[in-house]
Structures are given as structure tokens and as C-alpha cells.
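An overview of the molecular structure
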Amino acid sequence: MLAMNYRGPFRIRVDRDRPVPKIEHPFDAIVRVTRSLICGSDLHLYHGLVPDTRVGMTFGHEFTGIVEEVGSGVTKLKVGDHVLVPFNIACGSCPFCKQELYGNCHESNPEATAVGGFFGYAHISGGYDGGQAEYVRVPYADVGPTVIPEGMDIEDAALLTDVVPTGYQAAEMAGIRKGDTVVVFGAGPVGIMAARCAWLFGAGRVIIIDHIDYRLEFAKKYAYCEAYNFKEMDDPVVFLKRQTDWFGADVCIDAVGCDAAGSAMQTITGKKLLFQAGAATALHWAINSVKKGGIVSVVGVYGPPFNLIPMGSLMNKGITLRANQASVKRLLPKLIDHVLAGRLNPKGLITHRVPLEEISDAYHIFSAKRDNCIKPLLIPPRANFA
Ligand SMILES: NC(=O)c1ccc[n+]([C@@H]2O[C@H](COP(=O)([O-])OP(=O)(O)OC[C@H]3O[C@@H](n4cnc5c(N)ncnc54)[C@H](O)[C@@H]3O)[C@@H](O)[C@H]2O)c1
Ligand SMILES: [Zn+2]
Ligand SMILES: [Zn+2]
């Protein structure tokens, strides 16, 4: 089969002769991919920022597909079902899954001190091959995969595997109350979706911050928010204080994570020398821009071992910090409803539709923020469009 193959930082190729995965456990299914996406989380891998990202790995944790084969223990999924597959691999029965913390499953990842298993991510999250391929092995097939509802567009379904739940959970964790001023750092797909979802929770004002003009323009239209370029500010924290009567925002959302730009010190220590786990610039700004007693919600990804953040501000301002990988399965029923009712329009984020064979170009365009790219969708050659 055709599959993406990671060869080291900034190097991706397509294999044409990878063996099709097989059932390895009674709870597995084999899914033939119909659509997959590239995520900002894949860029952390692509940029070589995630420990134990192994050469030969196939990335891809956002995909839909048709069930080709099921293991003997699978009871809910049937061959022929067209499913969307949450990025979290969750057993459904460990103590964390029982609390609906599906991103923190204790069974699906041998290194499960923090996250559970993810498709197509580094070996710190289980080392499972992902969906930027023609076929994927899906463990615990009765737990995650969800049949695409009647009438739902396949592109909307693909975005329900990660971007929509992550953006929504960012707003949910922010504890937004009616009339709140919400600041979102990062105008990538996740930040834009978080900004859009903030309104669903009753926000009174939504501001998004980035340094890429086309993304800010896109965010303004898609998420009906204010958008500002931090490159045009002397100090983003002072700018945001000025915007909020000098109190600070009620809530701040970090939708950037460890690949942040904007601080030479963070970039050198985090991305060049790897003395910390990437650059925590946006998180730093979020903590300093939120008001006293406010909430900072973090969905931007940080990995081991640690990052430099202003702990003194966090402590002395009485800030509540909430963070996690999105718990996709927990949120799906509500979000399917929002999409079918037209309150959310996920596929509006997709700017590029690329054949899987050209995945290397898609990574380059998305990573370098070329060609006004917001979100690239990959289409495998033999995808059944039905
Ligand atoms: N928690 C989860 O479950 C989950 C799921 C999906 C993605 N993520 C993470 O969310 C983050 C965003 O994902 P994405 O797909 O939107 O990525 P993306 O790379 O497309 O977008 C990130 C944006 O942040 C901007 N940015 C860089 N430095 C900034 C700064 N200092 N302040 C403000 N903006 C800054 C970039 O210009 C870019 O537009 C990533 O860290 C990704 O790993 C988390
Ligand atoms: Zn993702
Ligand atoms: Zn579990």
C-alpha cells in the first residue's frame, strides 16, 4: 500500500510497497482510509521536536475510513461501516477511560505516565502507525471509531477526529462565562476553531493573536473575532492589557504549543538547543495576559521533559491552568449535533485537497505557511468516495 514514511526532521517520503496492516489482536479492525489530514501536532514531529519520533513511522491521527476487516472480539463495528476515528486510542475500560479521559488511557500506551496512545505519533504515545496511508490498524475498534452519521459530509467527519473537539475543549476548559473576553493565541485550525467555539459558551468578545496575516484574516471571517498580529506590537502582553481596561482577559487559550515563535530566548533554548521542550512563548504570554483569578486553557502541545513558564505570575495572580489532549469520544455526540445543525462548519477550514502521493509537498506548504494554507486534506488514490 501507499504510506507516508518519516525519514527525519523535514524529510518525508511516500512508500508504495508497504505491507497492508493485519489484525494483531481480537479487538482490532483494519480500516481503508478515505480521507486524512495533516495537523499542527504532526508539525512538531516533522520539525524534530518530539522525543522518540522514529524513522520509518507513518504519521496521521485524523482520518476517516471504511472498515475492511474486524477481529474476532469486535462486536459493534461491521465490515463496510464508514467511520471517523478519534485520534486518541482508548481501551474504554481503564480507570481514566471510565472518567472519560480518553486522551489519558492507561492501557493503550506502554509509556502511559501522561498521555494514552495516539495514531501516527511518536513512541512516547505508543508508536502506532497512523492514517496518512491507505490502510490503518485500529486497536480497541469498538471504543473509538464512530459511524459517520447519515447526511454528514466526509470532510466534516474527518475534522471531528481532532480539530473540532480540540477547539471546543479549549473553550470548555477555559470556563467561559457570559460576556467574557477570550484571547486565543494561535490562528491555526485549532485556535480558529477554539475562537469559533468560544461564542457557543457565551463569550462577549473574542480576540485571536498570531503573526501570519493571512491566517488572521481567515480567522476574522471564520470565527467572527478580532485578530491582531503580534509582530506589530512592542509587547503582546501590554497590548492585550490595554485592550482589556488593564485588567487582562478573563480567559486565555494557548493553541500554539511548543513550536511558538515570538521570543528569541524561548526559540534558542527550546527549539535550537533543546534545553527545554520547545518554545513556551504563547503560554508565557497567556499567563501574563490573563487577569488575576483568570483561567488559562492549554491545548497547544508540550512534550517531555519541561518548559520555562512564569510560575510566579501563575501563583501570585491566582490563575487556574487547565490543559489536556482533547477527549474526542466524550465530545463527539454534542459536536455531531452542532455540525448537523449547521452551528459549526468544520470543512470551511480545509484550504488544500492533496493526493496522498504528494504528501511531502503538503507538509512543506503547511509547515512553511505557504499558499494561504490553513488545513490540508489528503486523499488516497483508491479512496471510495461513496
Ligand atoms: N490538545 C490536543 O488534543 C491537540 C489536538 C490537536 C492539536 N493540538 C495542538 O494545538 C496546536 C495548534 O495546532 P494547529 O493544527 O492549529 O497548528 P498550526 O501550526 O497550524 O497553528 C499554530 C499557529 O500558531 C501561530 N503562532 C506561533 N507562535 C505564536 C505565538 N507566540 N503567539 C500566537 N500565535 C503563534 C503560528 O503562526 C500558527 O499559525 C499545536 O500545538 C498542536 O499540536 C493539540
Ligand atoms: Zn491533530
Ligand atoms: Zn483506557
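Below you will find a few notes about this structure. (Residues numbered from 1 in each chain as written. Chains lettered and ligands numbered in written order. Predicted model: local features only at pLDDT ≥ 70, side-chain atom pairs only at ≥ 80, totals over all residues. Heavy atoms only, no water.)

So, the coordination of the zinc ion (ligand 2)
The criterion, for reference: The donor definition counts N, O and S atoms within 2.8 Å of each metal and applies 3.2 Å to Na, K and Ca; water is not among these atoms, so some sites may look incomplete. Geometry assignment treats four donors as tetrahedral when all angles are between 85 and 135 degrees, treats four as square planar and six as octahedral when opposite donors are over 155 degrees apart and all others between 65 and 115, and treats everything else as irregular. Burial classes: relative accessible area under 20% of the type maximum marks a residue as buried, over 50% as exposed, and values in between as partly exposed (1.4 Å probe, protein chains only).
Protein ligation of the zinc ion (ligand 2) involves Cys 39 (SG), His 61 (NE2), Glu 62 (OE) and Asp 162 (OD), the donor distances falling in the range 1.9 to 2.3 Å. In this structure, the zinc ion (ligand 2) is surrounded by four donor atoms whose angles at the metal cover 94 to 136°, and the resulting shape is irregular. Within one chain, the residues donating to the zinc ion (ligand 2) are spaced in sequence as C-x21-H-E-x99-D. Here His 61 falls in the buried class, since its relative accessible area comes to 2%.

A closer look at the coordination of the zinc ion (ligand 3)
For the zinc ion (ligand 3), every protein donor is listed as Cys 91 (SG), Cys 94 (SG), Cys 97 (SG) and Cys 105 (SG), and the spread of their distances is 2.3 to 2.4 Å. Here the zinc ion (ligand 3) is ringed by four donor atoms whose angles at the metal span 102 to 117°, and the overall shape comes out tetrahedral. Sequence spacing of the donors to the zinc ion (ligand 3): C-x2-C-x2-C-x7-C. Assessed through its relative accessible area of 4%, Cys 94 is described here as buried.

Overview of the packing of aromatic side chains
In this description, an aromatic ring pair is defined by two values, namely the gap between the centres and the angle between the planes. The test is simple: Stacked, edge-to-face and tilted labels apply to pairs of Phe, Tyr and Trp rings (six-membered ring for Trp) whose centres lie within 6.5 Å, assigned for plane angles under 30 degrees, over 60, and everything in between, in that order. To qualify as a helix, a DSSP run of H or I must reach at least 4 residues; to qualify as a strand, a run of E must reach at least 2; elements of each kind are numbered from the N terminus.
In this structure the tally under the stated criterion is 12 aromatic pairs. Look at Tyr 46 and Tyr 363: their rings are 5.1 Å apart centre to centre, the planes differ by 45°, and that puts the pair in the tilted class. Here Tyr 363 lies in helix 12 (residues 359-367) and Tyr 46 lies in helix 1 (residues 40-46), a separation of 317 residues in the sequence. Tyr 363 shares its class with Tyr 46; the two are buried. For the ring pair Phe 185 and Trp 285, a centre distance of 6.4 Å and an interplane angle of 50° mean the geometry is tilted. With Phe 185 in strand 10 (residues 181-185) and Trp 285 in helix 9 (residues 281-289), this residue pair connects regions lying 100 residues apart in the sequence. Per residue, the accessibility class of Phe 185 equals that of Trp 285, and both read buried.

Here's the deal with the pairing of strand 8 (residues 135-138)
Looking along a regular strand, one sees side chains alternate from face to face of the sheet. Which entries qualify depends on this criterion: In this scheme, strands are said to pair when DSSP sees at least two bridges between them.
On strand 8, burial covers both faces: Tyr 135 and Arg 137 on one face and Val 136 and Val 138 on the other are all buried. Sheet topology places strand 3 (residues 29-37) next to strand 8; four bridges connect them, and they run antiparallel. Paired with Ile 30 across the two strands is Arg 137, which belongs to strand 8.

A closer look at the layout of surface pockets
We apply this condition: For each structure, a 1 Å grid was placed over the protein atoms alone; sets of points admitting a 1.4 Å probe that cannot get out are labelled cavities, open sets with protein on both sides within 12 Å along at least five of seven lines are labelled pockets, and lining residues have an atom within 4 Å of a point. Grid points are joined across faces, edges and corners, and a volume is the space filled by probe spheres set on the points. Put simply, Ala, Val, Leu, Ile, Met, Phe, Trp, Tyr, Cys and Pro go in the nonpolar bin, Asp, Glu, Lys and Arg in the charged bin, and everything else, Gly too, in the polar bin.
In this model, the largest pocket occupies a volume close to 900 Å³. His 44, Ala 255, Val 256, Asp 259 and Lys 369 are the residues nearest the centre of the largest pocket, which is lined by 47 residues in total. Where the lining of the largest pocket is concerned, the elements lending two or more residues are helix 1, helix 4 (163-173), helix 5 (189-200), strand 11 (205-210), helix 9 and helix 12. In terms of residue count, helix 1 provides more of the lining of the largest pocket than any other element does, four residues in total. Of the residues contributing to the lining of the largest pocket, the split by class is 25 nonpolar, 15 polar and seven charged. One number sums up the size of the second largest pocket: a volume of about 590 Å³. The wall of the second largest pocket is formed by 28 residues, among which Ala 114, Val 115, Tyr 302, Gly 303 and Gln 325 lie closest to the centre. Classifying every residue of the lining of the second largest pocket gives 19 nonpolar, eight polar and one charged.

Concerning the packing of helix 4 against helix 5
Packed helices, taken two at a time, are described by the angle their axes make and the gap between the axes. Put simply, the test is: Every axis in this analysis is a line fitted to C-alpha atoms, fitted for helices over the stretch in contact. Angles between the N-to-C directions lie between 0 and 180 degrees. Working definition: roughly parallel below 35 degrees, roughly antiparallel above 145 degrees, roughly perpendicular at 65 to 115 degrees, and oblique for all remaining angles. Crossings are assigned a handedness: left-handed for a near helix turned anticlockwise from the far helix by less than a right angle, right-handed for a clockwise turn. Two residues form a contact once any of their heavy atoms are found within 4.5 Å.
For the pair helix 4 and helix 5, interaxial distance at closest approach is 7 Å and the crossing angle is 55°. With respect to each other, helix 4 and helix 5 are oriented oblique. Handedness of the crossing formed by helix 4 with helix 5: right-handed. Touching Val 163, Val 164, Thr 166, Gly 167, Tyr 168, Ala 170 and Ala 171 of helix 4 are Pro 189, Val 190, Met 193, Ala 194, Cys 197, Ala 198 and Leu 200, all from helix 5. A class-by-class count of the residues in the contact of helix 4 with helix 5 yields 12 nonpolar, two polar and no charged.

Points about the packing of helix 7 (residues 236-243) against helix 9
Interhelical geometry of helix 7 versus helix 9 gives an angle of 35° and a closest axis separation of 9 Å. Here helix 7 runs over helix 9; the crossing is right-handed. Where helix 7 approaches helix 9, its residues Pro 236, Val 237, Leu 240 and Lys 241 are matched on the opposing element by Trp 285, Asn 288 and Ser 289. Across the contact of helix 7 with helix 9, the residue classes break down as four nonpolar, two polar and one charged.

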